[in-house]
Amino acid sequence: MGKQVNYIVCLDFETGGLSPNDNAVTQVGMEILHPVTFKSIATYASYITPYPQKEIGTKKKSVGIKNKRERTDKTNDLYIYTDKALEYTNITLDKLYKLGKPIDEVMNDMLDMFKKANPDNARNYKPIMLGQNLIFDVGFLQHMAAYCKIDLGKYLDGSKDFFGNFQPNYFDTLHLLKQYYAPDEKVTSHKLGLMADKLGIELVDAHDAMADVKATSGLFEVLMNNMRSSGGDGVTSSSVRTRDHFKF
């Protein structure tokens, strides 16, 4: 039996705005990676049919809206889809109605991916998430989980915060890239497209969830391989502080 490992699930959402409280998820992209070889195990992508606001937990969503110009009579009971976000992602409501799947169905598909990323159903080896500026996507993942009454702690590596809410553990390529390029004064932006181009990673259709996932997983592989090749034991600096250094 080989060594057990935490598989990695790379995730990206496209959304109808920046707020997981008020805006809807429009598209999801996912890829399962083996953490040693970075081999792609499985991928998933789907648009999500526009869905109505409803009571989540103890907080009742208001169907009111600050900017009524962004909504029509057809969508007055839906989560907010701003014109700016839809234009930015090149996703229209018509496309969502034609190609999307119901949010509950998409959530179940995502859970199947999380299960696939834990083939032995091991309690201590649940998958770890990966993304670019993933804190944004985590908010919308929590939005979907609350909407569909799903306990993410059953499927993902993580822990509960001070308020009792589950918070997944994750790798964020944005933070890794900031560290990687910290000595390079010429690098002042760490946006996905710029970093993919700089490191030779293909990004065919930026702001498409699956394209962003593929670029993110490619960046992660490059960064991890560079780190692994820096030294056999991972220690390259003579100034590393040992345990004895911290004795009082």
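Remember, it's a predicted structure, so these values are computed and weren't measured experimentally.

Colleague: Please clarify how the environment of Tyr88 should be interpreted in this entry.
Modeller: With respect to the secondary-structure elements, Tyr88 resides in helix α1 (residues 83–89). Here the alpha-carbon distance between Tyr88 and Ala206, two residues 118 residues apart in the chain, equals 9.9 Å.

Colleague: I'm lost on the pairing of strand β1 (residues 8–15) in this one. Help?
Modeller: As a general feature of sheets, a regular strand has side chains that alternate between the two faces. Buried residues dominate β1, accounting for eight of its eight residues. In the sheet, β1 pairs with strand β4 (residues 128–131) via three bridges, with the strands oriented parallel. Residue pairing in the sheet places Cys10 in a bridge with Leu130 of β4.

Colleague: Could you clarify how one ought to interpret helix α3 (residues 103–116) in this entry?
Modeller: A turn of α-helix holds 3.6 residues, and therefore any two residues three or four places apart point the same way. If you check α3, its first and last C-alpha atoms are 20 Å apart, about what 14 residues at 1.5 Å a residue would give, namely 20 Å. Listed in full, the buried residues belonging to α3 are Ile103, Val106, Met107, Asp109, Met110, Leu111, Met113 and Phe114. Summarising the contacts, the buried residues of α3 are in contact with β1, β2 (25–33), β3 (40–47) and α4 (134–147).

Colleague: Would you mind going over helix α5 (residues 173–180) with me for this structure?
Modeller: Taken as a whole, α5 has its buried residues at Thr173, Leu174 and Leu177. All buried residues of α5 project into a common sector of 100° when viewed along the axis, lining one side. Buried residues in α5 make contact with β4, β7 (170–172), α6 (192–198) and α7 (209–228). At the N-terminal boundary of α5, the capping side chain belongs to Asp172, with an oxygen 2.9 Å from the backbone nitrogen of Leu174.

Colleague: I tried to follow the pattern of salt bridges on my own but got confused; where do I start?
Modeller: Between side chains of opposite charge, pairing is possible as soon as their charged atoms come close. According to the stated counting rule, one finds three salt bridges in the structure shown. Notably, a salt bridge pairs Lys214 with Glu31, separated by 2.8 Å at the nearest N-O pair. Separated by 183 residues along the polypeptide, Lys214 in helix α7 and Glu31 in strand β2 bring together distant segments of the chain. Taking the relative accessible area as the measure of exposure, Lys214 reaches 39% and is therefore partly exposed. By relative accessible area, which is 3% here, Glu31 ends up buried. Note that Glu105 is salt-bridged to Lys101, the shortest N-O span being 3.6 Å.

Colleague: Honestly, unusual backbone geometry in this entry has me stumped. Any pointers?
Modeller: Trans peptide bonds make up the majority, and among non-glycine residues the majority have a negative phi. Positive phi, close to 60°, is recorded for Phe38, a residue that is not glycine. Secondary-structure assignment places Phe38 in the loop between β2 and β3. Even without glycine at this site, Asn133 takes up a positive phi of about 55°. Relative to the helices and strands, Asn133 resides in the loop between β4 and α4. On the basis of relative accessible area, Asn133 is assigned to the partly exposed category, the value being 34%.

Cut-offs applied
The written sequence of each chain sets the order in which its residues are numbered from 1. Whole-chain, interface and lining totals are the exception, using all residues; otherwise, since this is a predicted model, local features are given only for residues with pLDDT of at least 70 and side-chain atom pairs are given and counted only at 80 or more. Think of the side-chain values as coming from all heavy atoms in the structure, minus any hydrogens and water. Going along the chain from the N terminus, every DSSP run of H or I of four or more residues is numbered as a helix, and every run of E of two or more is numbered as a strand. With a 1.4 Å probe rolled over the protein chains alone, any residue whose accessible area is under 20% of its type maximum counts as buried; one over 50% counts as exposed, and the rest are partly exposed. Criterion used throughout: strands pair if DSSP finds at least two bridges between them. An expected span of 1.5 Å times one less than the residue number is assigned to each helix. For this analysis, residues touch if any pair of their heavy atoms sits within 4.5 Å. In this description, the arc belongs to the directions extending from the helix axis to the C-beta atoms. Pairs of N or O atoms within 3.5 Å make up the polar contacts considered here, provided that, within protein, one atom can donate a hydrogen while the other can accept it, and that residues adjacent in sequence are counted only when both atoms are side-chain atoms. Salt-bridge detection follows one rule: a side-chain nitrogen of Lys or Arg within 4 Å of a carboxyl oxygen of Asp or Glu.

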